[in-house]
Structures are given as C-alpha cells and as structure tokens.
Amino acid sequence: MYPSRFRYEVPRSLDEALALLRQSGDEAKVLAGGQSLVPLLKLRFASPELLVDINGIPGLDHHREDPDGTLHIGALCRHATLERSALLASKHPLMASAAPLIADPIVRNRGTLVGSLCHSDPQGDWASVLLALGGHVVAQGPSGRRTIPAAEFSVGPFENALQPGEIAVEAVVPPPVGERSGRYLKLERRVGDFATAGVAIALETSGGRVLRAGIGLTGVGPSTIQAVAAEQALTGRLLDTDAIEEAAALAAEAAQPRSDHRGSAAYKRHVVATFVRRGLARREAVAA
C-alpha cells in the first residue's frame with residue numbers, strides 16, 4: 001500500500017518548523033527518525049496533509065551533560081549514538097543498558113529517543129527508562145517552551161501530551177541525588193522484537209540506603225506504567241532481601257497485562273516480578 005498524498009517540507013530552523021505546524025495544525029506530522037511514522041504512512045494509519053522533516057535543523061542531535069549532572073538528549077539524537085556513548089557508559093547505567101536493546105541495528109541508526117517517546121507505544125522501551133529516571137520532555141510551540149514530566153507525557157496508547165503546533169525538542173534527565181545505578185531488562189521473542197515485558201530500574205543510593213528509586217514497566221498495560229508503590233517500598237531502606245521481595249511483588253501488582261499470543265497475564269506479571277528481583281539484586285554490578 002502507498003501513503004496518501006501529502007506535502008513535504010524540510011525547514012532549516014526551529015522557528016520555520018513551528019511556523020509550518022502553526023499553518024497546518026492537526027493536519028501535520030513531524031518526522032525525525034521516521035522508524036515508526038513511515039510504516040504508519042505506508043499503511044495509511046496516518047494520513048497527514050503535511051510532513052515536516054526536522055532533520056535539516058541544526059543543534060538538535062546533541063546528548064550532553066551539564067556541570068550539575070543534568071543530561072540533555074536532543075530530538076535528533078539517534079539510538080545508535082546513545083548505544084555508543086561514552087557518557088552514558090560511564091555515568092548513566094540504566095540508559096546504557098537500554099540503548100542496545102532498542103529494536104534492531106537498522107532502526108537504531110535512524111530512530112531517535114525523543115521520537116520514540118512521542119510515538120507513545122506501550123511497548124516502547126525509552127518511555128519506561130525516562131519514567132524511572134524522573135525525567136521530562138521539553139516542548140516548544142507558539143507559546144514558547146514548557147516541560148512535561150515523563151509521567152504525564154504519554155496520555156494513552158500512541159497519544160502524547162503535545163499540543164497542536166508543538167515540537168518535542170529534547171528529553172532531560174535530572175542530576176542524581178546519590179550514587180546512581182540501574183538496569184533495563186526486556187523479554188523479547190527474538191532480537192529486535194517488541195517487549196513481551198520490560199522493566200526499567202533506576203536507583204540512587206548513599207551508604208547502601210536508597211535515596212530515590214524509579215521503576216518503569218514496558219508492555220504490560222495500555223501505556224507505560226510507573227510502579228509507584230514499589231518505588232516507595234524501596235525509598236529510605238537498605239537494599240536487602242525483604243525490600244527487594246516487597247518491591248517485586250508491588251511492581252507485579254502495578255502491571256496491567258492482557259493475555260495474548262506472547263503469554264498469559266499471569267506469566268507477564270511473573271516476568272515483571274522476576275526482572276525487579278534480578279535488577280535490584282545485581283545493583284552493584286551495574287552501578288556507575
């Protein structure tokens with residue numbers, strides 16, 4: 001099947017891109033990596049009148065860290081760049097463990113983290129990672145810039161919180177309050193597949209005690225899930241067996257899986273609990 005007819009524009013500045021979106025409103029789509037959007041166009045699940053390709057806009061392909069430890073990831077930063085990043089490997093263990101698990105090498109060469117967040121696929125990996133890290137998305141539109149917490153960015157399956165005329169320009173991870181560790185665990189039927197279930201774990205500790213915990217769940221509900229009760233069960237405690245078991249049970253309880261060809265709901269809850277145990281038990285091995 002071929003896409004519906006659409007107009008294609010390649011702006012050279014963010015202001016130009018925003019002007020194009022302002023003219024077309026809901027009838028426009030933004031193209032960054034295109035690894036999700038292009039298949040939707042081909043199948044006519046998306047039929048925009050205008051496609052705004054932002055790849056010609058300079059200054060959006062960055063990933064950098066501020067002096068205070070805040071991490072910025074631009075809208076055109078590719079998965080493959082993050083996979084090879086020395087910065088993530090040395091200071092951001094959760095993101096470093098997730099990057100090689102995104103789709104396959106072909107997709108990683110073109111796809112972007114911010115684009116994945118905007119797609120809001122319940123089985124998308126980066127959304128649970130940013131959620132676990134307490135990050136946010138920066139959007140720019142007619143009224144200027146605003147920040148949208150990761151917990152509020154996905155409003156449903158394939159729906160995000162961007163307003164008409166807005167572009168997500170970067171994702172931001174706040175600085176740690178303690179020693180940072182973390183891991184992303186993903187069950188997939190084959191390499192490059194969507195997650196049957198995935199768990200993103202982010203911890204910040206001091207003296208063995210958890211100062212902050214983040215747990216995001218992938219593929220076990222209508223959107224990415226934050227396991228708030230499991231996070232609270234860990235915060236302020238030593239990471240001992242009792243704390244790990246309680247967090248694993250609460251994370252499984254927070255999951256909202258459905259039985260399908262990938263497995264039963266009970267099986268997916270079991271996977272979530274197992275991944276939480278495994279990720280927390282191996283904290284020291286993945287600490288930055």
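Just so we're clear, the structure is a prediction, and the values are computed from it rather than from any experiment.

The next subject is the overall build of the protein. Secondary structure assignment for the protein yields 13 helices and 14 strands. Carbon and sulfur atoms provide 52% of the accessible area of the protein, an area that totals close to 13,100 Å². Counting 31 positive and 31 negative side-chain charges, the protein places the centres of these two groups 5 Å from one another.

One can find Arg 180 in strand S11 (residues 179–187). There is no salt bridge for the buried Arg 180, and the closest opposite charge comes from Glu 204, which lies 4.1 Å off by N-O distance. Here the side chain of Arg 180 touches Pro 174 through a polar contact of 3.0 Å, landing on its backbone oxygen.

This part takes up unusual backbone geometry. Even without a glycine there, the phi angle at Ala 103 is positive, about 45 degrees. You can see Ala 103 is positioned in the loop between helix H5 (93–98) and helix H6 (105–110). Of the residues examined, Ala 103 reaches a relative accessible area of 22% and is grouped as partly exposed. Residues other than glycine seldom take positive phi values, yet Ser 120 does so here, at roughly 55 degrees.

The next point concerns the sheet that holds strand S2 (residues 28–31). Strand order in this open sheet of three strands is S1-S3-S2, and the pairing throughout is parallel. The sheet is open, and its two borders are formed by strand S1 (7–9) and S2, each paired with just one other strand. When the angles between neighbouring strand axes are averaged without regard to direction, this sheet yields 20 degrees. Judged from the four bridges that link them, S2 and strand S3 (residues 50–53) form a sheet pairing that is parallel. In the strand pairing of S3, Val 30 is matched with Val 52. In the packing of helix H1 (residues 14–24) onto the sheet, contacts are made with S1, S2 and S3, and the angle to S3 comes to roughly 165 degrees.

In this structure, the second largest pocket encloses a volume near 250 Å³. Considering the residues around the second largest pocket, the lining is formed by 18 residues, among which Pro 122, Gln 123, Gly 219, Gly 221 and Asp 260 are closest to the centre. Among the residues forming the lining of the second largest pocket, the class breakdown is seven nonpolar, six polar and five charged.

Taken together, the five strands give an open sheet; going across it, the order is S4-S5-S10-S6-S7, and neighbouring strands pair in antiparallel fashion. The outermost strands of the open sheet, each flanked by one partner alone, are strand S4 (63–65) and strand S7 (144–149). Going from strand to strand, the sheet's axes swing by 25 degrees on average, the running direction of each strand aside. With four bridges joining them, strand S5 (residues 71–74) and strand S10 (residues 167–173) adopt antiparallel strand pairing. Across the sheet, residue His 72 finds its bridge partner in S10, namely Val 172. Docked against the sheet, H1 engages strand S6 (136–141), S7 and S10, running at close to 125 degrees with respect to S10.

About the thresholds
Residues numbered from 1 in each chain as written. Predicted model: local features only at pLDDT ≥ 70, side-chain atom pairs only at ≥ 80, totals over all residues. Heavy atoms only, no water. Helix = DSSP H or I, 4+ residues; strand = E, 2+ residues; numbered from the N terminus. Areas by Shrake-Rupley, 256 points an atom, 1.4 Å probe, with all protein chains shown as cover. Lys, Arg positive; Asp, Glu negative; His and termini not counted. Charge placed at Lys NZ, Arg CZ, Asp CG, Glu CD. Buried < 20%, exposed > 50% of the residue type's maximum accessible area, 1.4 Å probe, protein only. Salt bridge = Lys/Arg side-chain N within 4 Å of Asp/Glu carboxyl O. Polar contact = N/O pair within 3.5 Å; in protein donor to acceptor, adjacent residues only side chain to side chain. Pairing = 2+ DSSP bridges. Axes fitted to C-alpha atoms, helices over the stretch in contact; angles between N-to-C directions. Contact = heavy atoms within 4.5 Å. 1 Å grid on protein atoms, 1.4 Å probe; cavity = no way out; pocket = protein on both sides within 12 Å on 5 of 7 lines; lining within 4 Å. Points joined across faces, edges and corners; volume = space filled by probe spheres on them. Nonpolar A, V, L, I, M, F, W, Y, C, P; charged D, E, K, R; others polar.

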